[in-house]
Amino acid sequence: MFLSADPIGLFDSGIGGLTIMREIIRHLPHENLVYFGDTAHQPYGNKSPQTVLRHTLENVSFLLDRKIKMLIIACFTASTHALEALEQKLSIPVIGVIQSGFEELMTATRSKRVAILGTNSTIKSGVLQTLIMKRESSAVVFPIACPLLAPLIEEGLADHLATRMIVEHYLEPLKEKRIDSALLACTHYPLIRSVIQESLGHEIQLVEPANCCAFKAKSWLLSHGLLNLQQTNSVYEFYVSDDPDKFRHLTKQFFGSEIKNLSERNQTAS
Ligand code: DGL
């Protein structure tokens, strides 16, 4: 039995999932949240589906021990390879960014000429491409793998010229493709949204899953009587599998304030 005061759990390979958590906090200010960043195993985007699934299951078991009432997979790569398995395995609701990102993209596009920017693993899986083509067979999809972007962000180089140059390099093939929308299919990319927007041009809509995820979470909690209505201060707990100092520093860089309640998860097998 779950209580409305039980927390929602979220995880990512690092800080990217905080772009989802930020929106959850905005829409669900009374919810208690537990965030896990699997910093010991990042980047996920260059790993095999089996490895991503293995790390994901470890993360989820850690979050389940915290008695979460809902799981949000705040990582496209993990959603791509583990969402179905987790939906079958868990008795709590599971929200994956992949479905939300896909829905937001289909709502945004008029011309149905779209780009997907994601990690190697997400793009190579073809999962998003298949979802789009099933919904809209006349769509023209340009998948672009951007393997260096999440590592550059995790290195604190979001504002560095090197990041601008790499973004230019990855997005060059999209020039003249007449897309009208691009899905940021990695939760780290909203942290360099302005760089991507500048490279693609301001007429292209950049789409993110965060808002839709928060909406889905809220409607499920509401309809199941598990929305936390207590007006007390919400508790946010953060865990990482390695180097909490680096995580603390990065979080301050992107979100402005120092996070409290950050601990390192005891390492088991790596
Ligand atoms: N933020 C993650 C995603 O949405 C993955 C970044 C990485 O670890 O490669 O795919």
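Relevant structure appears above.
The following paragraphs examine the structure supplied in this document. None of the values given here were measured: they were computed from a predicted structure. (Residues numbered from 1 in each chain as written. Predicted model: local features only at pLDDT ≥ 70, side-chain atom pairs only at ≥ 80, totals over all residues. Heavy atoms only, no water.)

**Notes on the state of the cysteines**
Piece 1. By the definition in use, this model includes zero disulfides.
Piece 2. With no disulfide of its own, cysteine 186 has cysteine 75 as its nearest cysteine by sulfur position, at a separation of 6.9 Å.
Piece 3. For cysteine 186, a relative accessible area of 5% puts it in the buried group.
Piece 4. Cysteine 213 supplies the cysteine sulfur nearest to cysteine 212, a cysteine that is in no disulfide, at a spacing of 6.3 Å. (Disulfide = S-S within 2.5 Å. Buried < 20%, exposed > 50% of the residue type's maximum accessible area, 1.4 Å probe, protein only.)

**Regarding the sheet that holds strand E9 (residues 236-240)**
Piece 1. Strand order across the open sheet formed by six strands is E4-E3-E1-E2-E9-E10, with parallel pairing between neighbours. In this open sheet, the two strands that pair with only one neighbour each are strand E4 (94-96) and strand E10 (262-264). Each strand of the sheet is rotated relative to its neighbour by a mean of 20 degrees, with strand direction disregarded.
Piece 2. Taken together, the three bridges between strand E3 (residues 70-73) and E4 define a ladder with parallel strand orientation. Its bridge partner lying in E4, isoleucine 73 is registered against glycine 96.
Piece 3. Taken strand by strand, helix H1 (residues 18-27) contacts strand E1 (8-12), strand E2 (33-37), E3 and E9, and its axis lies near 170 degrees from that of E2. (Pairing = 2+ DSSP bridges. Helix = DSSP H or I, 4+ residues; strand = E, 2+ residues; numbered from the N terminus. Axes fitted to C-alpha atoms, helices over the stretch in contact; angles between N-to-C directions. Contact = heavy atoms within 4.5 Å.)

**Topic: the site of the ligand**
Piece 1. Taken together, 13 residues sit near the ligand, with Ser13, Tyr44, Phe76, Thr77 and His188 positioned nearest.
Piece 2. At 2.8 Å from an oxygen atom of the ligand is found a main-chain nitrogen or oxygen belonging to phenylalanine 76.
Piece 3. Contacts to the ligand include threonine 187, whose backbone N or O atom sits 2.9 Å from an oxygen atom.
Piece 4. Within the complex, 99% of the 300 Å² of free accessible area of the ligand lies under protein.
Piece 5. Residues that form the shell around the ligand fall into these classes: six nonpolar, six polar and one charged. (Near = heavy atom within 4 Å. Polar contact = N/O pair within 3.5 Å; in protein donor to acceptor, adjacent residues only side chain to side chain. Areas by Shrake-Rupley, 256 points an atom, 1.4 Å probe, with all protein chains shown as cover. Nonpolar A, V, L, I, M, F, W, Y, C, P; charged D, E, K, R; others polar.)

**Description of unusual backbone geometry**
Piece 1. The omega angle of the peptide bond from glutamine 42 to proline 43 is 0 degrees, so this bond is cis rather than trans.
Piece 2. The topology assignment puts proline 43 in the loop between E2 and helix H2 (49-64).
Piece 3. The phi angle at arginine 178 is positive, at roughly 55 degrees, despite the residue not being glycine.
Piece 4. By the secondary structure assignment, arginine 178 is in the loop between helix H8 (161-171) and strand E7 (181-185).
Piece 5. For arginine 178, a relative accessible area of 61% corresponds to the exposed category.
Piece 6. The residue aspartate 243 is not glycine, and still its phi comes out positive at about 50 degrees.
Piece 7. Aspartate 243 sits in the partly exposed class, given a relative accessible area of 39%.

**A closer look at the side chain of histidine 81**
Piece 1. Its place among the elements puts histidine 81 in helix H3 (residues 76-89).
Piece 2. Accessibility expressed as a relative area gives 18% for histidine 81, which makes it buried.
Piece 3. Polar contacts involving the side chain of histidine 81 include one to the side chain of serine 121, which spans 2.8 Å.
Piece 4. Residues within four places of histidine 81 in sequence aside, it is in contact with Pro49, Val52, Leu53, Ser121 and Ser125.

**Some remarks on helix H9 (residues 193-200)**
Piece 1. Residues of H9 that are buried: Val195, Ile196, Gln197, Ser199 and Leu200.
Piece 2. Considering only its buried residues, H9 is in contact with strand E5 (113-118), H8, E7 and strand E8 (205-207).
Piece 3. Glycine 201 occupies a position one or two residues after H9 and carries a positive phi of about 105 degrees.

**Brief notes about the pattern of salt bridges**
Piece 1. Overall, the coordinates contain eleven salt bridges when judged by the stated rule.
Piece 2. We note a salt bridge from arginine 26 to glutamate 23, for which the minimum N-O separation is 2.5 Å. One end of the pair, arginine 26, and the other, glutamate 23, are both in helix H1, three residues apart, so they sit about a helical turn from each other.
Piece 3. A salt bridge links lysine 69 to glutamate 31; the shortest N-O distance between them is 2.6 Å. Of this pair, lysine 69 sits in the loop between H2 and E3 while glutamate 31 sits in the loop between H1 and E2, and the two are 38 residues apart along the sequence. Of the two residues, lysine 69 and glutamate 31, both sit in the buried class. (Salt bridge = Lys/Arg side-chain N within 4 Å of Asp/Glu carboxyl O.)

**Brief notes about the packing of H1 against helix H11 (residues 244-255)**
Piece 1. The contact between H1 and H11 brings their axes to 12 Å, and the two run at 60 degrees. Comparing the axis directions of H1 and H11 gives the class oblique. Regarding H1 and H11, the two cross each other, and that crossing is right-handed. Of the residues in H11, those touching H1 at Leu18, Thr19 and Arg22 are Phe247, Thr251 and Phe255. (Parallel < 35°, antiparallel > 145°, perpendicular 65-115°, else oblique. Left-handed = near helix turned anticlockwise from the far one by under 90°.)

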